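Report on the structure
Residues per chain, in single letters:
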Amino acid sequence: MYADIAVCLPLPRTFVYKLPEPVERGCRVVVPFRKREIEGFVVDVREDAPHIEIHSIKRVIDPSPLLQPDVLELCRWIAKYYVSPLGEVLKSALPPGILPKDVVPLPLGEGTAKRRVKALTRPSATFSQTERESLAVERPVLTSEQSRALDAICTASGFQTVLLHGVTGSGKTEIYIRAAEHFIAAGKCSLILVPEIGLTPQLTDRFSERFPGKTAILHSSLTKRQRIDEWRRIDAGEAPIVIGTRSAVFAPLKNIGLIVVDEEHETSYKQEEVPRYHARDTAVMRAKLNRATAVLGSATPSMESFHNAKSGKYAQVTLTKRVEDRSLPHVEIVNMREEYLDAGKQVVFSRRLLQVIAARLERGEQTMILLNRRGYAAFLLCRKCGFNFQCNSCSVTLTYHRTINKLLCHYCGLARRPPDRCPACESEYIHYVGEGTERLEDDLKKLYPDARIGRVDRDTMRHVRDFERVLGGFRQGDIDILVGTQMIAKGHDFPGVTLVGVVGADAPLALPDFRAAERAFQLLTQVSGRSGRGDQPGEVIVQSYFPDHYTFQLAVTQRFEDFYARESRYRKAMFYPPFTALAGVLVNDREATRAASLARDVGEFLDSVRSNATRILGPAPAPLERLKRLHRHQLLIKSASRAALHQMLERLQSYIEEKKIGATRVIIDVDPVSLL
Ligand code: ADP
Ligand code: ZN
Ligand code: ZN
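Here goes a summary of the coordinates provided. (Residues numbered from 1 in each chain as written. Chains lettered and ligands numbered in written order. Predicted model: local features only at pLDDT ≥ 70, side-chain atom pairs only at ≥ 80, totals over all residues. Heavy atoms only, no water.)

**Section: the coordination of the zinc ion (ligand 2)**
Each pair of donors in an ideal four-coordinate tetrahedral metal site encloses 109.5 degrees, whereas pairs in an ideal six-coordinate octahedral site enclose 90 or 180 degrees. Coordination of the zinc ion (ligand 2) by the protein comes from Cys 382 (SG), Cys 385 (SG), Cys 422 (SG) and Cys 425 (SG), over a distance range of 2.2 to 2.4 Å. In this structure, the zinc ion (ligand 2) is surrounded by four donor atoms whose angles at the metal cover 105 to 113°, and the resulting shape is tetrahedral. Ordering the donors of the zinc ion (ligand 2) by residue number gives the pattern C-x2-C-x36-C-x2-C. Of this pair, Cys 385 sits in the loop between strand 15 (379–382) and strand 16 (399–401) while Cys 425 sits in the loop between strand 18 (415–416) and strand 19 (430–433), and the two are 40 residues apart along the sequence. Owing to a relative accessible area of 39%, Cys 385 belongs among the partly exposed residues under this scheme. (Donors = N, O, S within 2.8 Å, 3.2 Å for Na, K, Ca; no water. Tetrahedral: all angles 85-135°; square planar, octahedral: opposite > 155°, others 65-115°. Helix = DSSP H or I, 4+ residues; strand = E, 2+ residues; numbered from the N terminus. Buried < 20%, exposed > 50% of the residue type's maximum accessible area, 1.4 Å probe, protein only.)

**Points about the pattern of salt bridges**
Counted by the stated rule, this structure contains 52 salt bridges. For the salt bridge of Asp 342 with Arg 351, the shortest nitrogen-to-oxygen distance reads 3.0 Å. Accessibility expressed as a relative area gives 49% for Arg 351, which makes it partly exposed. One salt bridge in this structure joins Arg 455 and Asp 457, with 2.8 Å as the shortest N-O distance. Judged on exposure class, the residue Arg 455 and its partner Asp 457 are both buried. Within this structure, Arg 139, Glu 174, Arg 178, Glu 181, Arg 206 and Arg 210 form a network of salt bridges that share partners. (Salt bridge = Lys/Arg side-chain N within 4 Å of Asp/Glu carboxyl O.)

**Let's talk about the pairing of strand 23 (residues 539–544)**
Within strand 23, six of the six residues are buried, which leaves the element mostly enclosed by the surrounding structure. The pairing of strand 13 (residues 330–335) with strand 23 spans six bridges and is classified as parallel. Across the sheet, the residue bridging to His 330 is Glu 539, located in strand 23. Judged from the four bridges that link them, strand 22 (residues 497–502) and strand 23 form a sheet pairing that is parallel. Within the sheet, the bridge partner assigned to Leu 499 lies in strand 23 and is Glu 539. After leaving strand 22, the chain enters helix 16 (residues 516–528) and then returns to the sheet as strand 23, a path that is right-handed. (Pairing = 2+ DSSP bridges. Right-handed = clockwise from strand over helix to strand, strands pointing away.)

**A look at the coordination of the zinc ion (ligand 3)**
Only Cys 391 (SG), Cys 394 (SG), Cys 409 (SG) and Cys 412 (SG) from the protein reach the zinc ion (ligand 3) as donors, at distances of 2.2 to 2.4 Å. Every donor residue of the zinc ion (ligand 3) comes from the same chain, spaced as C-x2-C-x14-C-x2-C. Taken together, the residues span a long stretch of sequence, with Cys 394 in the loop between strand 15 and strand 16 and Cys 412 in the loop between strand 17 (406–408) and strand 18 at a distance of 18 residues.

**Digging into the site of ligand 1**
Contacts to ligand 1 come from 18 residues, most closely from Val 141, Gln 146, Gly 169, Lys 172 and Asp 493. Between ligand 1 and the protein, one listed contact pairs a nitrogen atom with a backbone N or O atom of Val 141 at 2.7 Å. Between ligand 1 and Thr 173, the relevant distance is 3.0 Å, taken from an oxygen atom to a main-chain nitrogen or oxygen of the residue. Across the complex, the protein chains shield 82% of the 560 Å² of accessible surface that ligand 1 would expose by itself. Sorting elements by how many residues they give to the shell around ligand 1 places helix 7 (residues 172–185) first, with three residues. Among the residues making up the shell around ligand 1, the classes are represented as five nonpolar, seven polar and six charged. (Near = heavy atom within 4 Å. Polar contact = N/O pair within 3.5 Å; in protein donor to acceptor, adjacent residues only side chain to side chain. Areas by Shrake-Rupley, 256 points an atom, 1.4 Å probe, with all protein chains shown as cover. Nonpolar A, V, L, I, M, F, W, Y, C, P; charged D, E, K, R; others polar.)

**Remarks on the nonpolar core**
If you look at the biggest cluster of nonpolar residues, it comprises 112 residues, and the most contacted ones within it are Leu 90, Leu 193, Phe 250, Val 456, Val 585, Val 602 and Leu 652. A per-element tally of this core places helix 1 (residues 69–81) first, with seven residues. Those residues in contact with Val 456 that lie beyond four places of it in its chain are Met 461, Phe 467, Val 470, Leu 471, Leu 482, Val 483, Gly 484, Thr 485, Met 487 and Ile 488. Among the nonpolar cores identified, the runner-up in size contains 28 residues, and Leu 150, Leu 164, Phe 211 and Ile 241 belong to it. (Core = buried A, V, L, I, M, F, W, Y, C linked by side-chain atoms within 4.5 Å. Contact = heavy atoms within 4.5 Å.)

**Focus: the sheet that holds strand 1 (residues 2–7)**
Pairing is antiparallel in the open sheet, where five strands are placed in the order 2-1-4-3-5. Either end of the sheet is taken by a strand with one partner, and the two such strands are strand 2 (15–18) and strand 5 (59–60). Bridge count between strand 3 (residues 28–33) and strand 4 (residues 36–46): six bridges; the pairing is antiparallel. Bridge pairing links Phe 33 to Arg 36 in strand 4.

**Brief notes about helix 12 (residues 336–343)**
Regarding helix 12, its N-cap is Asn 335, as a side-chain oxygen of that residue lies 2.9 Å from the backbone nitrogen of Arg 337 further along. Of the residues flanking the end of helix 12, it is Gly 344, one or two places downstream, whose phi is positive at about 75°.

**Focus on the packing of helix 6 (residues 144–154) against helix 7**
Viewed as axis vectors pointing N to C, helix 6 and helix 7 meet at an angle of 40°, and their least axial separation amounts to 10 Å. Viewed along their axes, helix 6 and helix 7 adopt a mutual orientation that is oblique. Read as a crossing pair, helix 6 and helix 7 show a hand that is right-handed. On helix 7, the residues that touch Gln 146, Ala 149, Leu 150, Ile 153 and Cys 154 of helix 6 are Glu 174, Ile 175, Arg 178, Ala 179, His 182 and Phe 183. Classifying every residue of the contact of helix 6 with helix 7 gives seven nonpolar, two polar and two charged. (Axes fitted to C-alpha atoms, helices over the stretch in contact; angles between N-to-C directions. Parallel < 35°, antiparallel > 145°, perpendicular 65-115°, else oblique. Left-handed = near helix turned anticlockwise from the far one by under 90°.)

Structure representation (structure tokens):
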């Protein structure tokens, strides 16, 4: 017997080993490899002996596979589609550190014996009659739009993908719950993916409430042990509902009927390290492998998903109204150029915004203020010589954080004390430019000393507990004004909020990324969606220096279809997704000249294997030219044919291996979501 082994190393191909005993596909084994012993996965078993001398495996780790067949199949697809080493993909599909004994506990001692019985009886994914009846309580009556959407999701037999495009507050979560109930009744499991678990506690609460004891949660702030325990519960069939972030797409659910991807447009679904898979697209593939239904929900669908719906690849249902006849908020754009002229200086808050905040405080209603930059000041500038303070390792300016009195690099974490004098000209005229959330909180405290103010950003939110404390306090009405980064923009349902202020709405538009307008549109629509979700109608104030920009105009009036049409024209003309298949190739090196010459080599190689359907841009220095001491160059490959793009990337992968360039120096990113 022989086996094809995918070793857990950044190598694109598999290796053949001799099997002294039968081992199933999906099991982990230890093999000798280039004078070392490493872990690998059995991906195929066969009888025929190759003609060359081959080694035996050293030992078997898993007596039976922890990876189930559909997950193994899914990993193969990821490895191929995202041009990632199969061994590394398979490794990321299992919880770190999981061992066979975690899954079938040994009969030692009382506690473990109990666990073993539990695991062996393997309760089915369905509910008992009484449990099903208890589900019937406290369910709101669906709106007609919700019912239609639910029908579309539940009537299909076999694989289908449904894009659920529903305005904020239209009751999408309720539809996910009802759909999960439907599939449970049919004896099938549901997988619910969310962009970030800390940000959607109410979604997990609502599911746990409806399916008590049947819900498992998988996310990155669980401990290793907790993650393995949840995984085991799912594997044992104890939790037919799984809610989790990106990697939960590999959850060991058997008999999947439904996969929901909530806020499908979120970029956090893309893993930014190897394997660089997109959990949304991977979820659709997993649904396909299981002949299940995939539901992609969003108030602002990605251009990709909307295109797939338009072209008939996905079914589409639209929720145009908020539940209980609640109106969408009234949105107003304040022209900050006029504010500047009138005040004679740059101001953080417009007069209009201050006026409506004050009105909220008087009425006891809540306000959210969004600014997508943490810290106190964006950067420090010498007013005499123009020197600005950059990171030594990255080509970005350092951000000033006042609480800790440090200049921080938001990319590599470098921290230093702010100098009193300019290091270049010794002058004392150091100016703090631009504002962050810390500054906003400070200013608001001075403006409204009696108001209770909270802040949500990466500096204040270190753990899921922090989210629960601050967001829970906000929901209970213990906080009047909540300041935050994009962390507060999405998903939340705070009925007491009647005002949302967006400070620095222009920032996303300035990004050197073809998706800048899409991001700005999404951010604005999402953040507006936080206002007026309760009984009182909501209001949104957007501060901008370009109030006439079409992105703002269309976001303000919630004209998604118009935005899609306009943005489509641009993407088509410029050969960008969703009309072109795109891949990024990032070349990096500690030495500037070596980075540049390697990028040239890669560019020449790609050019030599390029098909007519394909264009190559670059190599050129990446927008973030230096990051964590590495010099970075970028190539973009656009292709009218995904197959042609694929072929090129596979050849590049072999080229990198043959030339022994090292997988970390050339990074291939298929369907990239960020081009920095
Ligand atoms: P979305 O996810 O589309 O933004 P949610 O699912 O969070 O919207 O729903 C918003 C609020 O409306 C929630 O508090 C939810 O419980 C409530 N809700 C949902 N469906 C209905 C309904 N049919 N009738 C009354 N309230 C509903
Ligand atoms: Zn100076
Ligand atoms: Zn840095």
